[in-house]
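Below, each chain spelled out in residue letters.
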Amino acid sequence: MAPRRYAIAGLGSRAELFVRALAEHAELAAFCDRNRTRMAVHNDWLTGATGRAPVPCYPAEDFTAMLGKERIDVVVVCTPDHTHAGLIADALGAGCDVITEKPMAVDGAGCRRILEAQRRTGGRVTVGFNYRYNPLHRQVRDLLADRAVGDVGSVHFEWLLDTQHGADYFRRWHRDKAASGGLLVHKASHHFDLVNWWLGSRPETVFAMGRLFFYGEDNGARHGLRREYERATGESAAHGDPFALDLGFSPRLSALYRDAEQEDHYLRDLNVFGPGITIEDDMTVLARYEGGPQLSYHLVAYSPWEGYRVAFTGSEGRLELAVRTNDHARPATPGEVPVSLPPGTADEAGDRARLTLQRHWAPPETIFDGPLGAGHGGGDERMLAELLGGKGEADHLAGMWSLAVGLAANRSIVTGEAIDVRALVTELGMPS
């Protein structure tokens, strides 16, 4: 049986994870991006690391032509979020399966387009929810399925992005809600998928509040943090600013972005206290799930340390998971860094976690206390093995339900009302 042929659409930083894996374990057949420089950079890394010949490169407008010419079986979508739906639908229409970065889409229209294409073609869509593959997250799921705390009544979930990682969403295209759906779609789709998966249930009602409290032009002035520059690289006004990302500090980031600017004018290092930010940095969501569990969720993007805490309280006890990615954010400094992360984002040693189970009338029991693997707690490596083996479990419906929570939350922020998720799903033409 001939090996399946893969193409990668979108050659930004996240694509590096897939380029390496496909080069080693599958048949990487083509690149597609609006920027030829970025494709050339990935080809240079590919040939330098593996000694193999460069793969053919296609501009974005030739995407569908590439699928036929290169006999592509699977497309890996790593483009900005608002372009996912069109690429996924076109790939399905061409007879390809799709692996996509989360979120699957940024709005109901995009989600509906994907679902209609999937129903029409029968193609496979898999969403790269790598946190599902974190072994500790799987242990949490097993414990809940085994009724370690009985019937789950409530879930409290807090996610903290620090002032390096969190700030990075405000330096680049994610700062535009039309492009990313905001952090409740782009980032929290991971987290809502985890809750849906952990509980084996679906959300019924969502209420949310959100605001831009820390980043942005007005907040930077109010907190005394704003400096007068548009982008950080090469700007004297950005020197010494811990929120600035100078692409010159990293040869890899510089090659991938600074050297590619002349083609598409995309700036990767904008001032996080500049104008034009339309997403929130502080968000709270309340949700009720089928069967009764209630979720309280909080995402903040300006914490001094990074990590998350989730607790499940049930009829027979409580299960608590605490993960600390790093103990404090560190400003970028000159030197080589992984291209998939801004300089200083996280400890190289990886996450540390503690999982505790406490049943009623009993002392707490430590299930796990120690380090986790690199790459989303060891999830990236396991995810790639399953995805490239055709076994990814997060399909288009999982992508839809995680997106539904974020879309409902965004609508609730605007209207100030609780949103009936099933009615929203029906309204948007998505199957319930």
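Heads up: the structure comes first, above all this text.
This one's a predicted model, so the numbers in the text were calculated from it and none came from an experiment.

Draft legend 1. Looking closely at the layout of surface pockets. Estimates place the volume of the second largest pocket at around 230 Å³. Lining the second largest pocket are 15 residues, with Leu144, Gly150, Val152, Trp198 and Leu199 positioned closest to its centre. Elements with a minimum of two residues in the lining of the second largest pocket: α6 (135–145) and α10 (188–199). Its residues placed into classes, the lining of the second largest pocket shows 7 nonpolar, 4 polar and 4 charged.

Draft legend 2. Here's a closer look at the sheet that holds strand β8 (residues 203–211). What the 9 strands build is an open sheet, ordered β14-β13-β12-β11-β7-β10-β9-β8-β15; its pairing is mixed. The sheet is open, and its two edges are formed by β14 (365–371) and β15 (419–420), each paired on a single side. In this structure, strand β7 (residues 152–162) lies alongside strand β11 (residues 306–314), joined through 8 bridges in antiparallel fashion. Directly across from glutamate 158, in β11, lies its bridge partner arginine 309. α6 rests against β7, β11, β12 (317–326), β13 (352–359) and β14 of the sheet, and its axis sits at about 175° to β12.

Draft legend 3. Representation of helix α4 (residues 84–93) within the structure. Most of α4 sits out of view: 8 of its 10 residues are buried. What α4 keeps buried is the set His84, Ala85, Gly86, Leu87, Ile88, Ala89, Ala91 and Leu92. Packing partners of the buried residues in α4 comprise β1 (5–9), α3 (63–69), β4 (74–77), β5 (97–100), α5 (108–121) and β6 (125–127). Backbone geometry just after α4 places glycine 95 at a positive phi near 90°.

Rules used in this analysis
Residues numbered from 1 in each chain as written. Predicted model: local features only at pLDDT ≥ 70, side-chain atom pairs only at ≥ 80, totals over all residues. Heavy atoms only, no water. 1 Å grid on protein atoms, 1.4 Å probe; cavity = no way out; pocket = protein on both sides within 12 Å on 5 of 7 lines; lining within 4 Å. Points joined across faces, edges and corners; volume = space filled by probe spheres on them. Helix = DSSP H or I, 4+ residues; strand = E, 2+ residues; numbered from the N terminus. Nonpolar A, V, L, I, M, F, W, Y, C, P; charged D, E, K, R; others polar. Pairing = 2+ DSSP bridges. Contact = heavy atoms within 4.5 Å. Axes fitted to C-alpha atoms, helices over the stretch in contact; angles between N-to-C directions. Buried < 20%, exposed > 50% of the residue type's maximum accessible area, 1.4 Å probe, protein only.

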